[in-house]
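Breakdown of the fold
Each chain, written out:
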Amino acid sequence: SQQGEEDPQALSIQEGENATMNCSYKTSINNLQWYRQNSGRGLVHLILIRSNEREKHSGRLRVTLDTSKKSSSLLITASRAADTASYFCATDSNSGGSNYKLTFGKGTLLTVNP
Amino acid sequence: DAGITQSPRHKVTETGTPVTLRCHQTENHRYMYWYRQDPGHGLRLIHYSYGVKDTDKGEVSDGYSVSRSKTEDFLLTLESATSSQTSVYFCAISSGLAANTGELFFGEGSRLTVL
């Protein structure tokens, strides 16, 4: 079963607006990551937030993490048409040792209209 | 870009035939992964490796086997391909959480069609 679930499944906005995507997960984690996937390409890492962090920024990206609610949000400010892509959250299993693996959600498809 | 290549990038095969997908990395990363991506399911982990000859199953491992005889190569084999294995397969690599990064680097994907 999938650990992370993104919401909404699809989001359409106008250029310049902000886009917010949410991710909920089920079990304890070491970190939560967000990835981006352009159509027909591999995933690209955007940002990692550790379980002891509450907020992190990277350029126009802002990620929050609420471990009590087992949820995270990704905010893209001042969106551009080039931000059109699918966005995935991924969590590790907090099991340590050699069992390092990430479980991905189903993704949010963001469309930014010019 | 991380040095990770997948081959073949596209393959069409028939039901019942064996198929091997190759993932090659030049980063000397410890961890390697095979995911499949299907509409409505996102990415699902098939198998992963945490070292040479050290592999483990993911959530959708049935019908797949893997091998890692050297650090740089991770092979995914479908012994007898079925139509349900039609998918896009992604290889990913990571140095692991112990290296204080934990991020995965993905290949460009291998699109497999089983007729």
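The following paragraphs examine the structure supplied in this document. Predicted model, so just to flag it, every value in this text is computed and none were measured. (Residues numbered from 1 in each chain as written. Chains lettered and ligands numbered in written order. Predicted model: local features only at pLDDT ≥ 70, side-chain atom pairs only at ≥ 80, totals over all residues. Heavy atoms only, no water.)

Quick look at the overall build of chain B now. For chain B, the count of helices and strands is zero helices and 11 strands. Tracing chain B from N to C terminus, the helices and strands come up as β-β-β-β-β-β-β-β-β-β-β. Relative to the compact-globule value of 13 Å for 115 residues, chain B shows a C-alpha radius of gyration of 13 Å, a close match. Based on the C-alpha atoms only, the size of chain B along its principal axes is roughly 40 × 30 × 25 Å. Counting across all 115 residues of chain B, residues that qualify as buried make up 49%. Considering only contacts within chain B whose residues lie at least 6 apart along the sequence, 54% involve residues at least 24 apart. Carbon and sulfur atoms provide 48% of the accessible area of chain B, an area that totals close to 5300 Å². Of the side-chain charges in chain B, 11 are positive and 13 negative, and the distance between the mean point of each set is 3 Å. (Helix = DSSP H or I, 4+ residues; strand = E, 2+ residues; numbered from the N terminus. Rg over C-alpha atoms; globule rule 2.2 N^0.38 Å. Buried < 20%, exposed > 50% of the residue type's maximum accessible area, 1.4 Å probe, protein only. Contact = heavy atoms within 4.5 Å. Areas by Shrake-Rupley, 256 points an atom, 1.4 Å probe, with all protein chains shown as cover. Lys, Arg positive; Asp, Glu negative; His and termini not counted. Charge placed at Lys NZ, Arg CZ, Asp CG, Glu CD.)

Tallied over the entire structure, the rule returns nine salt bridges over all chains. Of the charged contacts, one joins Asp-38 of chain B and Arg-44 of chain B as a salt bridge, the two residues approaching to 3.0 Å between their closest N and O atoms. Residue Arg-44 of chain B is classed as buried on the basis of its relative accessible area, which comes to 17%. What you see here is one network of salt bridges that share partners, running through Arg-36, Arg-60 and Asp-83 of chain A. (Salt bridge = Lys/Arg side-chain N within 4 Å of Asp/Glu carboxyl O.)

Take the nonpolar core next. Core analysis: the largest hydrophobic core is formed by 21 residues, its most contacted members being Met-21, Leu-32, Trp-34, Leu-74, Ile-76, Tyr-87 and Leu-110 of chain A. Elements represented by at least two residues in this core include exactly β2 (10-14), β3 (19-24), β4 (31-37), β5 (43-50), β7 (61-66), β8 (71-76), β9 (85-92) and β11 (108-113) of chain A. Excluding anything up to four places from it in sequence, Leu-32 of chain A contacts Cys-23, Tyr-25, Ile-47, Leu-48, Ile-49, Leu-65, Ser-72, Cys-89, Ala-90 and Thr-91 of chain A. Counting 19 residues, the second-largest nonpolar core is a separate cluster that includes Leu-21, Met-32, Leu-76 and Tyr-89 of chain B. (Core = buried A, V, L, I, M, F, W, Y, C linked by side-chain atoms within 4.5 Å.)

Residues and elements named next belong to chain A. The topology assignment puts Thr-64 in strand β7. At 2.6 Å, the side chain of Thr-64 and the side chain of Ser-73 are in polar contact. Not counting the four nearest positions on each side in its chain, Thr-64 is found in contact with Ile-49, Arg-54, Glu-55, Ser-71, Ser-72 and Ser-73. (Polar contact = N/O pair within 3.5 Å; in protein donor to acceptor, adjacent residues only side chain to side chain.)

Residue and element names in this part refer to chain A. Overall, antiparallel pairing links the five strands, which are arranged β1-β3-β8-β7-β6 in an open sheet. In this open sheet, the two edge strands, each paired with only one partner strand, are β1 (5-7) and β6 (55-58). Ignoring which end each strand starts from, the neighbouring axes of this sheet average 20° apart. Strand direction decides the pairing type here: β3 and β8, joined by six bridges, are antiparallel. Within β8, the residue paired with Asn-22 across the bridge is Ser-73. (Pairing = 2+ DSSP bridges. Axes fitted to C-alpha atoms, helices over the stretch in contact; angles between N-to-C directions.)

Moving on, we come to the interface of chain A and chain B. Counting residues at the interface gives 26 residues for chain A, matched by 27 residues for chain B. Taking both partners together, chain A and chain B bury about 2000 Å²; carbon and sulfur atoms supply 50% of that area. Inspection of the region where chain A meets chain B yields one salt bridge. A salt bridge links Glu-108 of chain B to Arg-41 of chain A; the shortest N-O distance between them is 2.5 Å. Our count for the chain A to chain B interface comes out at five residue pairs in polar contact (both at pLDDT 80 or more). Where the side of chain A that touches chain B is concerned, the elements lending two or more residues are β4, β5, β9 and β10 (102-104) of chain A. Its residues assigned to classes, the side of chain A that touches chain B comprises seven nonpolar, 14 polar and five charged. (Buried area = accessible area lost by both parts, 1.4 Å probe. Nonpolar A, V, L, I, M, F, W, Y, C, P; charged D, E, K, R; others polar.)

Attention now goes to unusual backbone geometry. A cis amide bond links Asp-7 of chain A with the next residue in sequence, Pro-8 of chain A, at an omega value of 0°. Checked against the element boundaries, Pro-8 of chain A lands in the loop between β1 and β2. Following Ser-7 of chain B, the chain continues into Pro-8 of chain B via a peptide bond in cis, with omega recorded as -10°. Relative to the helices and strands, Pro-8 of chain B is located in the loop between β1 (4-7) and β2 (10-13). Even without being a glycine, Asn-28 of chain B presents a positive backbone phi close to 60°. Within the secondary structure layout, Asn-28 of chain B lies in the loop between β3 (19-25) and β4 (31-38). Residue Asn-28 of chain B is classed as exposed on the basis of its relative accessible area, which comes to 62%. Despite not being glycine, Lys-53 of chain B has its phi angle at roughly 65°, a positive value. The topology assignment puts Lys-53 of chain B in the loop between β5 (42-51) and β6 (54-57).

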